[in-house]
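Below, each chain spelled out in residue letters.
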Amino acid sequence: MRAPAALLAAKASFACIALGFALAMLLHDAGPLGLAFDLPFRLLCHRLPERVLSLGGAPMPLCSRCAGLWLGLSASVVLGRPALGLGALRVVFALAMAFLLGEVALQDLGLRPLSHATRVLSGLLVSVPFGGTLGALIERELGGAPRPPA
């Protein structure tokens, strides 16, 4: 496989996450076809009803936190942004995970009510820096740009 085709295939595989998400919502009442698009998401998430958002009357196939995680990862890998160095990624990821775990603990201990906004935000904060860096790495490795000799 030529490098540009491999790059396109890699990015398209991550774009399929967002596409599958949208199709699962659009086809949620479409019988077996809807179930086929919904199944992968059933395997990823608990989907407790009070933690799932609905758009236009269609429930999301993931809870709000998982939606932030998976849609953030999908979009940021495709865009290849933000591209962080390993040191910065370690710091950002640790801070994002601390926020996510704190948000989970406060919510599950009943110290604050469920908030879809913070659930989506915590998912995005974890997935976007990682996804953007992964996308930039994919672009660098598969983009076909000439490399200096080793």
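Residues numbered from 1 in each chain as written. Predicted model: local features only at pLDDT ≥ 70, side-chain atom pairs only at ≥ 80, totals over all residues. Heavy atoms only, no water.

### Some words on the overall build of the protein
Defined as follows: Helix numbers and strand numbers start at the N terminus; a helix is a DSSP run of H or I with at least 4 residues, a strand a run of E with at least 2. Only protein chains enter the area calculation, which uses a 1.4 Å probe; residues under 20% of their type maximum are buried, those over 50% are exposed, and those in between are partly exposed. Here, residues are in contact when the closest pair of their heavy atoms is within 4.5 Å. For the area figures, the Shrake-Rupley method with a 1.4 Å probe applies, and any residue is considered shielded solely by the protein chains shown.
Looking only at helices and strands, one finds 5 helices and 2 strands in the protein. Across the protein, helices and strands are ordered from the amino to the carboxyl terminus as α-α-β-β-α-α-α. By the burial criterion, 33% of the 150 residues in the protein qualify as buried. When contacts within the protein are restricted to residue pairs at least 6 apart in sequence, those whose partners lie at least 24 apart make up 68%. Approximately 8700 Å² of the protein is accessible, and the part contributed by carbon and sulfur atoms is 75%.

### Here we look at the side chain of Arg65
This is how the line gets drawn: Pairs of N or O atoms within 3.5 Å make up the polar contacts considered here, provided that, within protein, one atom can donate a hydrogen while the other can accept it, and that residues adjacent in sequence are counted only when both atoms are side-chain atoms.
Relative to the helices and strands, Arg65 is located in helix α3 (residues 64–79). Engagement of the side chain of Arg65 in a polar contact is seen with the side chain of Ser122, the distance being 3.3 Å. Once residues lying within four places of it in the same chain are set aside, the contact partners of Arg65 are Leu100, Glu103, Val104, Gln107, Arg119, Val120, Ser122 and Gly123.

### Quick word on the packing of aromatic side chains
Convention followed: Between rings of Phe, Tyr and Trp, where Trp is taken as its six-membered ring, a pair exists when centres lie within 6.5 Å; planes separated by under 30 degrees are stacked, by over 60 edge-to-face, and by other angles tilted.
Across all of its chains, the model carries 1 aromatic pair by this definition. Here the aromatic rings of Phe21 and Phe41 are separated by 6.0 Å at their centres, their planes lie at 90 degrees, and the arrangement is edge-to-face. Taken together, the residues span a long stretch of sequence, with Phe21 in helix α1 (residues 3–26) and Phe41 in helix α2 (residues 32–44) at a distance of 20 residues. Phe41 shares its class with Phe21; the two are buried.

### Points about α3
Threshold: Working rule for helices: expected span equals 1.5 Å times residues minus one.
Taking 1.5 Å per residue as the helical rise, α3 with its 16 residues ought to reach 22 Å, and the 22 Å between its terminal C-alpha atoms agrees with that figure. All buried positions along α3 are accounted for by Ser64, Arg65, Cys66, Ala67, Gly68, Gly72, Leu73, Ser74, Ser76 and Val77. On its buried side, α3 packs onto α1, α2, α4 (86–108) and α5 (116–142). Gly80 sits one or two residues past α3 and shows a positive phi near 70 degrees.

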